[in-house]
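A structural walkthrough
So you can see what is in the structure, the chains are spelled out below.
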Amino acid sequence: QVQLVESGGGLVQAGGSLRLSCAASGRTFSDYTMGWFRQAPGEEREFVAAIRWDGGYTTYTDSVKGRYTIFRDNAKNTVYLQMNSLKPEDTAVYYCAATRAVLYGLSSRSSTRYEYWGQGTQVTVSS
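Everything numeric in this text was worked out from a predicted model, so none of it was measured.

Here we take up the pairing of strand β4 (residues 33-39). Judged by how many residues are buried, β4 sits mostly within the fold: six of seven residues are covered. The sheet contact formed by β4 and strand β9 (residues 92-99) spans seven bridges and is antiparallel. Bridge pairing in β9 places W36 opposite C96. By the bridge criterion, five bridges tie β4 to strand β5 (residues 46-51) in an arrangement that is antiparallel. Residue pairing in the sheet places F37 in a bridge with F47 of β5.

Following this line, the structure appears as structure tokens:
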């Protein structure tokens, strides 16, 4: 079992920045591919970003490329999502997810490939 706890959400004005953190416990963190997903009200959960166990591979959904950065610190069992140039359409609950599978490309974007999920953290971007 892996337990995931997100933090760092909040209210920010458009153009601002936030850094989300996801702290993992329970298993060897460096064994896991980590992903970030988000879900806006009335919408389906969507992929945001993912990172390989060693940080050597990252992938992003097109709408956040150039604005968001996913990175991890395996010594701290934590994955981060740095979000810059935030837009009102980024408003959502952001979820951290983990899987022992080594995922690339489209497979890393599928929520069904992730075994463990955090409880989510709300990000609200005002215009």
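Having seen it, we continue.
Bringing unusual backbone geometry into the picture now. Comment: phi is negative for the bulk of residues other than glycine, and the bulk of peptide bonds are trans. Positioned with a positive phi, N77 is a non-glycine residue whose angle comes to about 55°. With respect to the helices and strands, N77 occurs in the loop between β7 (68-73) and β8 (78-83). Of note, S85 is a non-glycine position whose phi angle comes to about 50°, a positive value. Within the secondary structure layout, S85 lies in the loop between β8 and β9. S85 sits in the partly exposed class, given a relative accessible area of 40%.

Calculation notes
Residues numbered from 1 in each chain as written. Predicted model: local features only at pLDDT ≥ 70, side-chain atom pairs only at ≥ 80, totals over all residues. Heavy atoms only, no water. Buried < 20%, exposed > 50% of the residue type's maximum accessible area, 1.4 Å probe, protein only. Helix = DSSP H or I, 4+ residues; strand = E, 2+ residues; numbered from the N terminus. Pairing = 2+ DSSP bridges.

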